[in-house]
Amino acid sequence: MREIYYAEDDRDIAEGVKAYLEARGFLVRILNSAGEMKKVMCSRSPEAVLVDWNLPDGTGENLCRWIRRQFGEQIPILLLTVRGETKDVVKGFENGADDYLVKPFDLDILYSRLLAVLRRAEAAGISAGKQKKLYCGKLCLDPEKQDVYEDGEPLVFTPTEYRVLLYLMEHKGKTIGRERLLEAIWDISGNYVNDNTLTVTVKRIREKLKNPFYLKTVRSFGYRMEDTV
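A brief look at the structure comes next. The structure presented is a predicted model; accordingly, all values stated were derived computationally and were not measured.

## Brief notes about the overall build of the chain
Tallying secondary structure elements over the chain gives 8 helices and 14 strands in all. A principal-axis box enclosing the C-alpha atoms of the chain has dimensions of 65 × 35 × 30 Å. Surface exposure of the chain reaches about 12,100 Å², of which carbon and sulfur atoms provide 50%. Mean positive and mean negative side-chain charge positions of the chain (36 and 36 charges, respectively) differ by 4 Å.

Given below as structure tokens:
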């Protein structure tokens, strides 16, 4: 099921959009402020976002700019607003919106435009060969930038720690044996990382992540990343 985030502080409008889109196969999460949207997106990114221009803690255009800085072009953004003047529409597109609907809007048109921007995003992603961000629990890893975030806060890892974490994230839900993991993180100089170094590396990763439930040790075998406790 495709997940959509909707930043909207008018509950009636938000619930109406949510009911309509969920009847057509989407999962819609309503967020009441820009801050709430940012926090959630740092843990897990959606297929697309709907953004109201006027939010309790900022404007939709500022939220659009933040999303573009954090996620590039990979997440479609639709601005939904009462601001219908040409200058506002232009400003919305300049700040990263993929489409712009003026309230009150027809829900059938919203649905059609949402499908259209999702198709364009999918085609662009395939043609560019982009690596999507990886998520597990509150952890977010960006392979393109090699950035790691825990609940929205940036974390610093050594190259070996990062390679271990990346490999486990890429195989989330699967138990990876120690030997397989050692082979996968062959270092730049052509030397294997030895078994003791792997143990120490995983221990340091746990410490930096404050012993997360989603990094599991499978006794006498290896490790596994998974979202469930």
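## Focus: the pattern of salt bridges
All chains considered together, the criterion is met by 13 salt bridges. R65 is the partner of E61 in a salt bridge, and the nearest nitrogen-oxygen pair spans 3.9 Å. Here R65 and E61 lie together in helix α3 (residues 60-71), a separation of 4 residues that amounts to about one turn. Its salt-bridge partner being E85, residue K87 comes within 4.0 Å of it at the nearest N-O pair.

## Looking at the packing of aromatic side chains
Within a pair of aromatic rings, the relevant descriptors are the distance that separates the centres and the angle that separates the planes. Scanning the model with the defined rule gives 5 aromatic pairs in all. Plain terms: the ring middles of Y20 and Y111 are 6.3 Å apart, the flat faces sit at 75 degrees to each other, and that makes the pair edge-to-face. Remark: Y111 occurs in helix α5 (residues 107-128) and Y20 occurs in helix α1 (residues 11-22); sequence separation between them is 91 residues. Overall, the relative accessible area of 13% leaves Y20 in the buried class. An angle of 80 degrees between the planes, with centres 5.3 Å apart, marks the rings of F213 and Y214 as edge-to-face. Three or more aromatic residues joined by ring pairs form one cluster here, namely Y20, F26 and Y111. Sitting above the plane of the Y20 ring, R24 keeps its charged end 3.6 Å from the centroid.

## A closer look at helix α6 (residues 159-170)
Taking 1.5 Å of rise per residue, the 12 residues of α6 would be expected to cover 16 Å, and the 16 Å separating its terminal C-alpha atoms lies within 8% of that figure. Taken as a whole, α6 has its buried residues at T160, E161, Y162, V164, L165, L166, Y167, L168 and M169.

## Examining the side chain of H171
Inspection of the secondary structure assignment puts H171 in the loop between α6 and β12 (176-177). Given the relative accessible area of 17%, H171 is considered buried. A polar side-chain atom of H171 sits 2.8 Å from the main-chain carbonyl oxygen of Y167. Residues contacting H171, with those up to four places away along its chain left out, are I176 and R180.

## Some points on the packing of helix α2 (residues 34-43) against α3
At a closest axis distance of 11 Å, the pairing of α2 and α3 adopts a crossing angle of 15 degrees. Between α2 and α3, the interaxial angle falls into the category roughly parallel. Crossing of α2 against α3: the hand is right-handed. Every residue of α3 that contacts α2 at A34, M37, K38, M41 and C42 is listed here: L63, W66, I67 and F71.

## A short note on the sheet that holds strand β1 (residues 2-7)
Each strand in a sheet pairs with its neighbour through backbone hydrogen bonds, running either in the same direction (parallel) or in the opposite one (antiparallel). Taken together, 5 strands build an open sheet; the order of strands is β2-β1-β3-β6-β7 and the sheet is parallel. The open sheet has two edge strands, β2 (26-31) and β7 (99-102), and neither has a second partner. Across the sheet, the mean angle from the axis of one strand to that of its neighbour is 20 degrees, orientation sign disregarded. Bridge count for β1 against strand β3 (residues 48-52) is 4 bridges, and the pairing is parallel. Of the residues in β3, the one forming a bridge with Y6 is L50. Lying over the sheet, α1 contacts β1, β2 and β3, oriented at roughly 165 degrees with respect to β2.

## Describing the pairing of β1
For β1, a buried count of 5 out of 6 residues is recorded, marking the element as mostly surrounded by other parts of the structure. Summarising the sheet, β1 and β2 pair through 6 bridges and their orientation is parallel. Along β2, the bridge assignment pairs E3 with L27. One crossover worth recording links β1 to the parallel β2 by way of α1, and it is right-handed.

Cut-off values and rules
- Residues numbered from 1 in each chain as written.
- Predicted model: local features only at pLDDT ≥ 70, side-chain atom pairs only at ≥ 80, totals over all residues.
- Heavy atoms only, no water.
- Helix = DSSP H or I, 4+ residues; strand = E, 2+ residues; numbered from the N terminus.
- Areas by Shrake-Rupley, 256 points an atom, 1.4 Å probe, with all protein chains shown as cover.
- Lys, Arg positive; Asp, Glu negative; His and termini not counted.
- Charge placed at Lys NZ, Arg CZ, Asp CG, Glu CD.
- Salt bridge = Lys/Arg side-chain N within 4 Å of Asp/Glu carboxyl O.
- Phe/Tyr/Trp six-rings, centres within 6.5 Å; stacked < 30°, edge-to-face > 60°.
- Buried < 20%, exposed > 50% of the residue type's maximum accessible area, 1.4 Å probe, protein only.
- Lys NZ or Arg CZ within 6 Å of the ring centre and 35° of its normal.
- Expected span 1.5 Å × (residues − 1).
- Polar contact = N/O pair within 3.5 Å; in protein donor to acceptor, adjacent residues only side chain to side chain.
- Contact = heavy atoms within 4.5 Å.
- Axes fitted to C-alpha atoms, helices over the stretch in contact; angles between N-to-C directions.
- Parallel < 35°, antiparallel > 145°, perpendicular 65-115°, else oblique.
- Left-handed = near helix turned anticlockwise from the far one by under 90°.
- Pairing = 2+ DSSP bridges.
- Right-handed = clockwise from strand over helix to strand, strands pointing away.

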